[in-house]
Amino acid sequence: MNSEGFCESGLKVIKIEAKAINDLVQHIGPNFARACYLLLACEGRIIVIGIGKSGHIGNKIAATLASTGSPAFFVHAAEANHGDLGMINSKDVVLAISYSGETDELISILPTLKLLQIPLILLTGNPYSTLAQQATVALSIGVKEEACPLGLAPTSSSTAALVMGDAIAVSLLSARGFTHHDFAKVHPKGQLGRRLLLKVSDLMHTGDAIPHVMVGTPIIKVLLEMSRKRLGMTVVTDEEQRAVGVFTDGDLRRVIDQSLNLRLIPIEKAMTFNYKTTAADQLATEALRLMEDNKITTLIILDDEKKPQGVIHIHDILNQGVK
């Protein structure tokens, strides 16, 4: 097959699967809403069960549900028949996937589900199948054509199952009022988690790490403090340890441009009085935005008495992957 043939084949697959997805629209109705109500009212966990390709799809659906506010996990249908059915209790809801609706491994667990009065929601391509007739709710994922030219490999049908699973998960997400902050809590290592969970207090320099000089200190000594703390600035305080200003690399350049005597000029003659501050409980991403908007690289964190509590540098935030 030449390159043109590969492209033609690939486009055909995409068009067939796109049509399969579009055909799902007709199946979003009362049964879909009933399934969502059952899952929303679930006091336990949503148990997703499947085998073969349906199992792989089920694993992904369970992961999507769990990460969007609906506690769920996947159980392989074969393993369910050999002990894993013990993971399921009467407070759970089972979401099973079987395109034929005649999967032996799923049919064999029906008595247990009935005994425990566990609702069964089925994704199937055969609404007249054994499983569909026994299910509490059966949702059709039937397709007119598999993208596989042999009509054997689950392609369009597995895509339809995946999309229906996404439709369920997102509908539940909306019903629960699941927010960006909720998402971040279950994705703490992701970029969104860092953006929404990381606070200034997690990153700021405190105690002896805060560059600090008192009013009256000659600029030459101020430079020693800045060099030791390596933040490109220092906080300037009065006799009561309250912040009255900051001295930055930019202030130093202005002093040098004016040819002032660094050994004689006290810091208050060259410091910046209108400095920017942030709060320890402010999100790091908000502090970053404040620095970018004001074209500065550091922010001071003060307590209620205006005493320095910490200093945060723009690199402290960027190094955490927060943007």
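Located above this text is the structure these notes cover.
Everything numeric in this text was worked out from a predicted model, so none of it was measured.

*Asks:* Report on the environment of Ile21, specifying residues and quantitative values.
*Replies:* Note that Ile21 resides in helix H1 (residues 3-23). Residues Ile21 and Met1 lie 20 residues apart in sequence; the distance between their C-alpha atoms is 28 Å. Residue contacts for Ile21: discarding those within four places in its chain leaves Thr159 and Val163.

*Asks:* How would you summarise unusual backbone geometry if you had to cite specific residues and measurements?
*Replies:* One can expect most non-glycine residues to show negative phi and most peptide bonds to be in trans. The phi dihedral of Gln117 falls on the positive side, at around 55°, and the residue is not glycine. Among the secondary structure elements, Gln117 is positioned in the loop between helix H6 (110-115) and strand E4 (120-124). According to the relative accessible area criterion, Gln117 is exposed, its value standing at 68%. The backbone of Gln241 sits at a positive phi, close to 70°, despite the residue not being glycine. Along the polypeptide, Gln241 turns up in the loop between strand E7 (233-237) and strand E8 (243-248). Residue classification places Gln241 among the partly exposed positions, given a relative accessible area of 32%.

*Asks:* I'd like a description of the nonpolar core, backed by residues and values.
*Replies:* In terms of nonpolar packing, the biggest core is built from 30 residues, with Leu65, Leu123 and Leu139 touching the most fellow members. Going through the elements one at a time, helix H2 (30-40), strand E1 (46-50), helix H3 (53-67), strand E2 (72-76), strand E3 (93-97), E4, strand E5 (137-140) and helix H8 (156-176) are the ones with two or more residues in this core. The greatest single-element share of this core, amounting to 6 residues, is contributed by H8. Setting aside anything within four residues of it in sequence, one finds Leu123 in contact with Ile61, Leu95, Ala96, Ile97, Ser98, Tyr99, Leu139, Ile141, Ala161, Met164 and Ile168. Within the second largest apolar cluster, 19 residues are counted, among which are Val75, Ala77, Leu85 and Ile118.

*Asks:* I'd like a rundown of the sheet that holds E8, residues and numbers included.
*Replies:* A sheet is described by the order of its strands in space; here 3 strands give the open sequence E6-E7-E8, paired in mixed fashion. Either end of the sheet is taken by a strand with one partner, and the two such strands are strand E6 (212-214) and E8. Taken over all neighbouring pairs, the strand axes of this sheet differ in orientation by 30° on average, direction set aside. Of the strand pairs in this sheet, E6 and E7 are connected by 3 bridges, and their pairing is parallel. By the bridge assignment, Val213 is partnered in E7 with Val236. Packing against the sheet, helix H12 (residues 219-229) makes contact with E6, E7 and E8, and its axis sits at approximately 80° to E8.

*Asks:* Can you tell me about H12, naming the residues and giving the values?
*Replies:* Restricting attention to buried positions, one finds in H12 the residues Ile219, Val222, Glu225 and Met226. Across the axial projection of H12, the buried residues extend over an arc of 105°, all falling on one side. Residues of H12 that are exposed and point over 90 degrees away from its buried face: Lys221, Leu224, Ser227 and Arg228. Summarising the contacts, the buried residues of H12 are in contact with E6, E7, E8 and helix H13 (249-257). Following H12 by one or two positions, Arg230 has its phi on the positive side, about 55°.

*Asks:* Run through the sheet that holds strand E9 (residues 277-278), naming residues and quoting values.
*Replies:* Taken together, 3 strands build an open sheet; the order of strands is E9-E10-E11 and the sheet is mixed. Each edge of the open sheet is held by one strand with a lone partner, namely E9 and strand E11 (308-313). Examined bridge by bridge, strand E10 (residues 298-302) and E11 share 5 bridges and lie antiparallel to one another. The partner of Leu299 across the bridge, within E11, is Ile312. Relative to E10, helix H14 (residues 284-294) is tilted by about 125°, and along the sheet it contacts E9, E10 and E11.

How each quantity is defined
Residues numbered from 1 in each chain as written. Predicted model: local features only at pLDDT ≥ 70, side-chain atom pairs only at ≥ 80, totals over all residues. Heavy atoms only, no water. Helix = DSSP H or I, 4+ residues; strand = E, 2+ residues; numbered from the N terminus. Contact = heavy atoms within 4.5 Å. Buried < 20%, exposed > 50% of the residue type's maximum accessible area, 1.4 Å probe, protein only. Core = buried A, V, L, I, M, F, W, Y, C linked by side-chain atoms within 4.5 Å. Pairing = 2+ DSSP bridges. Axes fitted to C-alpha atoms, helices over the stretch in contact; angles between N-to-C directions. Arc of directions from axis to C-beta.

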